[in-house]
Amino acid sequence: MTHRVGYAPGVYDLFHIGHLNILRHARSQCDYLVAGVVSDEMAEQAKGTAPVIPLTERLEIVRSVRFVDAAFVETVPDKLVTWQQVRFDVLFKGDDWRGTSKGEKLERDFAAVGVEVVYFPYTVHTSSTLLRKALDGLANSA
């Protein structure tokens, strides 16, 4: 009997239903789920802005979700380095990565070490970016 370890990386800023859905779906496809919470510095590098919620709080929120067995702070952009530290069997990503050059590279890199990449539907109507814009709009109108 194999024990399938899953890894679901994300910034998890302004935690919302899209985050919960990814973690729920990921957990249904593995025996043990590790959520990778991207550091503030990496998030700012990738998205151009710092997260609203600090890393320690995002980590605690994600760690407290019942679908998550462990949470890991992701501090390097290379997911293969993270794999060497965590040793997961399947990587879960939003399907906004599918068919992109980043997604194709991810699939090639992980195929070489026997890790499956599984995509889940991206929650279009809710994202941390949209929530941030809404909050900015409220702050500017006050």
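Procedures and definitions
Residues numbered from 1 in each chain as written. Predicted model: local features only at pLDDT ≥ 70, side-chain atom pairs only at ≥ 80, totals over all residues. Heavy atoms only, no water. Buried < 20%, exposed > 50% of the residue type's maximum accessible area, 1.4 Å probe, protein only. Helix = DSSP H or I, 4+ residues; strand = E, 2+ residues; numbered from the N terminus. Arc of directions from axis to C-beta. Contact = heavy atoms within 4.5 Å. Polar contact = N/O pair within 3.5 Å; in protein donor to acceptor, adjacent residues only side chain to side chain. pLDDT = per-residue confidence, 0-100. Pairing = 2+ DSSP bridges. Axes fitted to C-alpha atoms, helices over the stretch in contact; angles between N-to-C directions.

(A) Looking closely at helix H1 (residues 17–27). Buried within H1 are the following residues: Gly18, His19, Ile22, Leu23 and Ala26. Mapping the buried residues of H1 onto a view down its axis gives an arc of 135 degrees, with all of them on the same face.

(B) Structural view of helix H4 (residues 79–86). Considered for burial, the residues of H4 that qualify are Lys79, Thr82, Trp83 and Val86. Buried residues along H4 cover an arc of 105 degrees about the axis, so they all sit on one side. Packing partners of the buried residues in H4 comprise strand E1 (5–10), strand E2 (32–38), strand E3 (70–74) and helix H5 (101–111). Capping the start of H4, Asp78 holds a side-chain oxygen 2.9 Å from the backbone nitrogen of Leu80, two or three residues further along. Immediately beyond the C-terminal end of H4, within one or two residues, lies Arg87, with a positive phi of roughly 60 degrees.

(C) Highlighting the confidence of the model for the protein chain. Mean pLDDT over the protein chain: 89, with 85% of residues reaching 70 or higher. Mean pLDDT values over the elements of the protein chain span from 62, in helix H6 (residues 128–141), up to 98, in E2.

(D) Local environment of the sheet that holds E1. Strands sit in the order E3-E2-E1-E4-E5 across an open sheet of five strands; the sheet is parallel. This sheet does not close on itself; its edge strands, each paired only once, are E3 and strand E5 (116–120). Taking each pair of neighbouring strands and ignoring which way they run, the sheet shows an average axis angle of 30 degrees. The pairing of E1 with E2 spans six bridges and is classified as parallel. When the bridges of E2 are listed, Tyr7 appears paired with Val34.

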